[in-house]
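Tertiary structure, described
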Amino acid sequence: MASPSDLLQYAISGATLGATYGLAGLGFTVIFNTTEIINFAQGEFVMLGGMLAVFAIRWGGLPSALAVPLAIALTTLVGVVTDRLTIRPVRGRSVIVLIIITIGVSIVLRGAAMLLFGKDTYALPGFSGDAPIGFLGASFLPQNLWVGGMTLGTLVAMKLYFDRTISGKAMLACACDRKAASLMGINVDAMVTLSFALSALVGALGGAILAPITLTSYDVGILLGLKGFAACILGGLGNPFGAVAGGVILGVLESLSAGLISSGYKDAVAFVILLTLLFVRPSGLFGRRAADRV
Amino acid sequence: MGKQIGVSWLALLALVWLQASAHAAEPIRIGAIFSVTGPASFLGEPERNTAKMLEEDFNKAGGLLGRKVEVTVYDDESDATKAVTAVDRLIKRDRVVAVIGPSTSGSTLAIVPKVEEAKLPLISCAAAKKIVEPVKRWVFKTPQSDALAVRKIYQHAKKAGLGKIAVLTASDAFGAAGREELKDVAAQVGMTIVADEVFGPKDTDMTAQLTRIKGTAAQAIVVWGTNPGPAVIARNRVQLKIGLPLYMSHGVASPKFIELAGPENAEGILLPAGRLIAEGQVPAGHPQKAILSNYIKEYESRFKQPTSTFGGYAWDAIMLVAQAVKRAQSAEPAAIRDALEATRGFWGTTGEYNFSAEDHNGLTEEAFVMVRITKGDWELLR
């Protein structure tokens, strides 16, 4: 029934959709790796990246090439302010308290964006035009290449950062044992701030690159955050590679079930498979089983 | 003693006179519930503006039946529970003679029992067929029902020789209602539905559904949803180079849709819409021409923003009440209701209303025109 070129189209659609989830999910891993906090405001960082870029163009009249970096820089600043105003004053509290605080932050950011930018949906022009590219009977947009390329680039950069640099390793150390890390001379507070800055940066980058394909509005963060989180869980929380792989798997599953089974059940099919996988491997596909101290 | 009685008589007379004059000046109070804020504010805001504009217009022209007109607007914040509170206030405290709105179908259905019980005419600005089917004695509505839009689309497709269609609908209330109508009416007019696909209202990629449709025998695609989903579909279909005629619902009949999809992706899309969006192309002799151009001119000069079909629904609702009051020569709720039901040939911004005991919407598919998006603008088709 489905021709090979149709299957290829489903795979390409799914992979690009999945890359959006993965890109949204990458930010979760940075903060989780440093603090063990799941930052539920991550989706809002993604939203801010897209919305600020749109409005830098609309209000500031900037070209895309300037608007996008500006949006990313501003969102990074928001990440730092979030840490300073909401996380640092209550540091040392249990992780669950901090997670609930991030939910509060997400509501505040979403509300502020609604008041500032209004409730409309906006489109950002594609970075390299909107002419579709044909490939073996399937087709995709130049922006899809941007999404794929940036996702891979971010992934490699993060991998190198966590594995090869002192500050990356210091970040991981903070997550392993805060006290030991600070005894070793690591400035834990600075590391937490840095992790918020980094994850806001990654999120905003994703938001700005996605906006030409997915369109953006003040409330896109809810869905992208949720799907990004699902991608992280599927791939194994804390593993950047897992987040991207989880995203792509989720995207391809959705696209294949919409194409081959029924579009009405595509989310259901994807999530049933997700749940089954987690049932078999609770720590995710690429996650290491956590060693519990007794 | 006698002097005292004289004084009290005078006081009584004064009181009676005061009350009588107060009664003569008593304004006609019309209540309105709109979703001015919240997710449905794109409906409620232009409706509120229109209501306030008409209130001022009436009073500048000396009111109705020589009495001032007072329109009390409450905001239900796109929430049916708040609409119920608001209608209670309108009935018990403000003692209105008729209620306009609410903006959404959910809110309207929630307050129907209240107005039926209070015996107040309600003219809803929401689209769902359920509001007026089955007919409820006190409930009317101004927007066209989905079925009319579906009929208009099928009429056009049939004339173009397109008998096999694929439907692609949003999985929200608007899309689900459209899907049902699309299937029901298809059976009546002899169209075949060869693909029935669904998308989530917040989905960002519909290439899978479109690829699936591409593999069927469909000769045209009908998409039912509100922004941003249909805009994504418009983009995806260009990406996949799908050349089939693409019909959309009246739910995207706003310039915002063309902006989101991008004019090059929206090119050639066909949709049924009220004449308001293509007022410039309505021929001069048409009975709606003057109504539309006056409304647009007044609204845009007052609020410095473009008009929308939704503000037009409120215009129609209030003007329907006004003409009913004038014909009944009374502002009693029961008299207004009877006059409303007897309304024939009333032209509003949406179309020609012919109410009857069986039809409390009063429109036909003539209230829609087919438009094609051409170079980022609406082109009226004949």
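First things first, this report covers the structure right here in the doc. Just so you know, these numbers come straight off a predicted model, no measurement behind them. (Residues numbered from 1 in each chain as written. Chains lettered and ligands numbered in written order. Predicted model: local features only at pLDDT ≥ 70, side-chain atom pairs only at ≥ 80, totals over all residues. Heavy atoms only, no water.)

We now examine the overall build of chain A. Helix and strand counts for chain A stand at 11 helices and two strands. Moving toward the C terminus, one meets the helices and strands of chain A in the order α-α-α-α-β-β-α-α-α-α-α-α-α. Over its C-alpha atoms chain A spans a radius of gyration of 19 Å, differing by no more than 12% from the 19 Å that the globule rule assigns to 294 residues. Looking at chain A as a whole, 52% of its 294 residues are labelled buried. (Helix = DSSP H or I, 4+ residues; strand = E, 2+ residues; numbered from the N terminus. Rg over C-alpha atoms; globule rule 2.2 N^0.38 Å. Buried < 20%, exposed > 50% of the residue type's maximum accessible area, 1.4 Å probe, protein only.)

Note that an α-helix has 3.6 residues per turn; residues three or four places apart therefore point the same way. Residue and element names in this part refer to chain B. Here helix H2 (residues 41-60) contains 20 residues, and its C-alpha end-to-end distance of 28 Å stays within 8% of the 28 Å for a straight helix at 1.5 Å per residue. Taken as a whole, H2 has its buried residues at Ser41, Leu43, Gly44, Pro46, Glu47, Asn49, Thr50, Ala51, Met53, Leu54, Glu55 and Phe58. As for H2, its buried residues are in contact with strand E1 (28-34), strand E2 (69-75), helix H11 (289-303) and helix H12 (309-328). Directly beyond the C-terminal end of H2, a positive phi value near 90° is found at glycine 62. (Expected span 1.5 Å × (residues − 1). Contact = heavy atoms within 4.5 Å.)

Residues and elements named next belong to chain B. With respect to the element layout, glutamate 70 can be found in strand E2. Take glutamate 70: its relative accessible area is 32%, and that puts it in the partly exposed class. Along the chain, glutamate 70 and isoleucine 100 lie 30 residues apart, while their C-alpha atoms are 13 Å from each other. The contacts of glutamate 70, once residues within four sequence positions are left out, are Pro27, Ile28, Arg29, Ile30 and Glu55. Among the polar contacts listed, one links the side chain of glutamate 70 to the side chain of arginine 29, at a separation of 3.3 Å. (Polar contact = N/O pair within 3.5 Å; in protein donor to acceptor, adjacent residues only side chain to side chain.)

With 33 residues of chain A in contact, the opposing surface of chain B contributes 26 residues. Summing both partners gives a buried area of about 2,400 Å² for chain A against chain B, and 50% of it is carried by carbon and sulfur. For the pair chain A and chain B, the number of links is two salt bridges. The partner of Lys202(B) in a salt bridge is Asp219(A), with the nearest N and O atoms 2.9 Å apart. The interface formed by chain A and chain B includes 11 residue pairs in polar contact (both at pLDDT 80 or more). Those elements giving two or more residues to the side of chain A that touches chain B turn out to be helix H1 (4-35), strand E2 (138-140), helix H8 (188-214) and helix H10 (240-261) of chain A. Residue classes in the side of chain A that touches chain B are distributed as 14 nonpolar, 12 polar and seven charged. (Buried area = accessible area lost by both parts, 1.4 Å probe. Salt bridge = Lys/Arg side-chain N within 4 Å of Asp/Glu carboxyl O. Nonpolar A, V, L, I, M, F, W, Y, C, P; charged D, E, K, R; others polar.)

Our focus in this paragraph is the pairing of E2(B). Residue and element names in this part refer to chain B. Of the pairings in the sheet, the one linking E1 to E2 comprises seven bridges and is parallel in character. Bridge pairing in E2 places isoleucine 33 opposite tyrosine 74. Where the polypeptide runs from E1 across H2 and back to E2, its parallel neighbour, the crossover connection is right-handed. (Pairing = 2+ DSSP bridges. Right-handed = clockwise from strand over helix to strand, strands pointing away.)

Quick look at the nonpolar core now. Residue and element names in this part refer to chain B. Residues Phe34, Ile100, Tyr154, Val222, Tyr247 and Val321 are the most contacted members of the largest nonpolar core, which totals 68 residues. If you tally residues by element for this core, the top one is H12, at 11 residues. Of all hydrophobic cores here, the second largest spans 36 residues; its members include Ala195, Ala234, Ile258 and Val371. (Core = buried A, V, L, I, M, F, W, Y, C linked by side-chain atoms within 4.5 Å.)

All names here are of chain A. On the surface, Phe40, Ile96, Ile100, Ile103 and Ile107 cluster together into a nonpolar patch covering about 460 Å² of accessible area. By the secondary structure assignment, isoleucine 107 is in helix H4 (residues 95-117). Residue classification places isoleucine 107 among the exposed residues on the basis of a relative accessible area of 51%. (Patch = residues over 30% accessible without salt bridge, like charges linked within 9 Å, V, L, I, M, F, W, Y side chains within 5 Å. Areas by Shrake-Rupley, 256 points an atom, 1.4 Å probe, with all protein chains shown as cover.)

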